[in-house]
Amino acid sequence: MDVPAARRAIRTRAALLRFGMAERELSRRVESGSLRRLGRGLYADAASIDALRPEDRHLVHIAAVDRRESGAAHVFSHLSAAVLHGLPVYGTRTHPVHVSSTAVDGRVSAHPRIARHRRDLDPVHVTSVGGVRCTDLALTVADVLATESPEIAVSVIDAALRGVAWVDSSHTYDDVAHDGFCREVAAHLPPGRRGVRRARRILEMADGRAQLPAESVSRLRLLDAGFARPRLQVPVGGPRGETFYVDMSLDDVDAWAEVDGRAKYADPALRGPDVSMEQVLWREKEREDWIRGVTGRRVIRWGSADIATPDRFLARLAAFGVRPPH
């Protein structure tokens, strides 16, 4: 979903009444939960909103706040700016909309769905996405690193770096671009800023080769457990001249790791046209057999549910006979 689509998901009270909904019916639908109130005079169909990805639901709330405060000098920031920049939000919980401005309206600040940050922003670090003003990419990432959980933070910076440094056409990584962007982010994390120690730790482990948030969080779990930093997107030559790329190389335990999501097999859009789940599973088995055969290494697999907590992740590794080396 983009900003225009998020705006189209919003219905005003005036529009609902104009198109035939009586005041009593509007109130009844809000009370029953079929119509979601996004703010004074702003609504959305609850079933449609609940079916969206967490990022898209958040974008609808951003659009609602932007509409309500159209005359205010506000800038969306932190996790809300990350969503506007197209970065992922790890997990499913609902997050408040983050707004930065020089003046804080106490009444609005108390709203449970709005987190208001009072600060002076240099205009050079303010941009626009879909007509909505937000902090630029580097400041946005720095804010997320300093304020959000490590799982959300590593997912956001990995995704940002993938956009900056990953060259998809050649399947290569631009280390110069990586270093340059990390320096920009670090400039917004001066000593003494709240959360800066945790932020710098995530910054040091960031890697844009991670393709999905589950891969980013998996790497966080590995490092927290004492494993060496894994290599990502490691090439292995295939039987017909193709190249297979393995998600992670766990060199300290001599194993490969693949982070699997159910959508990889179940979603037709990801499988490809006219490709069945059985065909995908068979191709994956042939690929894994080849990788194990030519490298002499086992392949360990886990999914999103396995990385939900550190203990669950360690239990999954233990099932393969893998434990932290130290």
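Quick notes on the rules
- Residues numbered from 1 in each chain as written.
- Predicted model: local features only at pLDDT ≥ 70, side-chain atom pairs only at ≥ 80, totals over all residues.
- Heavy atoms only, no water.
- Phe/Tyr/Trp six-rings, centres within 6.5 Å; stacked < 30°, edge-to-face > 60°.
- Helix = DSSP H or I, 4+ residues; strand = E, 2+ residues; numbered from the N terminus.
- Buried < 20%, exposed > 50% of the residue type's maximum accessible area, 1.4 Å probe, protein only.
- Lys NZ or Arg CZ within 6 Å of the ring centre and 35° of its normal.
- Axes fitted to C-alpha atoms, helices over the stretch in contact; angles between N-to-C directions.
- Parallel < 35°, antiparallel > 145°, perpendicular 65-115°, else oblique.
- Contact = heavy atoms within 4.5 Å.
- Nonpolar A, V, L, I, M, F, W, Y, C, P; charged D, E, K, R; others polar.
- Pairing = 2+ DSSP bridges.

**Things to note about the packing of aromatic side chains**
For any two aromatic rings, the description comes down to two numbers: the centre-to-centre distance and the angle of the planes.
Phase 1 of the analysis: The final tally for this structure, using the stated rule, is 1 aromatic pair.
Phase 2 of the analysis: Judged by centre distance (4.9 Å) and plane angle (85°), the rings of Trp302 and Phe313 are edge-to-face. Of this pair, Trp302 sits in strand β14 (residues 298-303) while Phe313 sits in helix α16 (residues 310-319); the two residues are 11 residues apart in sequence, bridging distant segments of the chain.
Phase 3 of the analysis: A residue is classified by how much of its surface remains accessible, and Trp302, at 1% relative accessible area, is buried.
Phase 4 of the analysis: The residue whose ring lies beneath Arg297 is Trp256, and the NZ or CZ to ring-centre distance is 4.7 Å.

**Side note on the packing of helix α11 (residues 196-205) against helix α12 (residues 213-225)**
Phase 1 of the analysis: Contact geometry for α11 and α12: axes closest at 11 Å, N-to-C directions at 110°. For the element pair α11 / α12, the angle class is roughly perpendicular. In contact with Arg201, Ile202 and Met205 of α11, α12 contributes Arg219, Leu220, Leu223 and Asp224.
Phase 2 of the analysis: Split by residue class, the contact of α11 with α12 holds 4 nonpolar, no polar and 3 charged.

**Some thoughts on the pairing of strand β8 (residues 132-135)**
Phase 1 of the analysis: Summarising the sheet, strand β7 (residues 126-129) and β8 pair through 4 bridges and their orientation is antiparallel. Counterpart to Val126 in the pairing with β8 is Thr135.
Phase 2 of the analysis: Between β7 and β8, which pair antiparallel in sequence order, lie 2 residues; one of them, Gly130, sits at a positive phi of approximately 60°.

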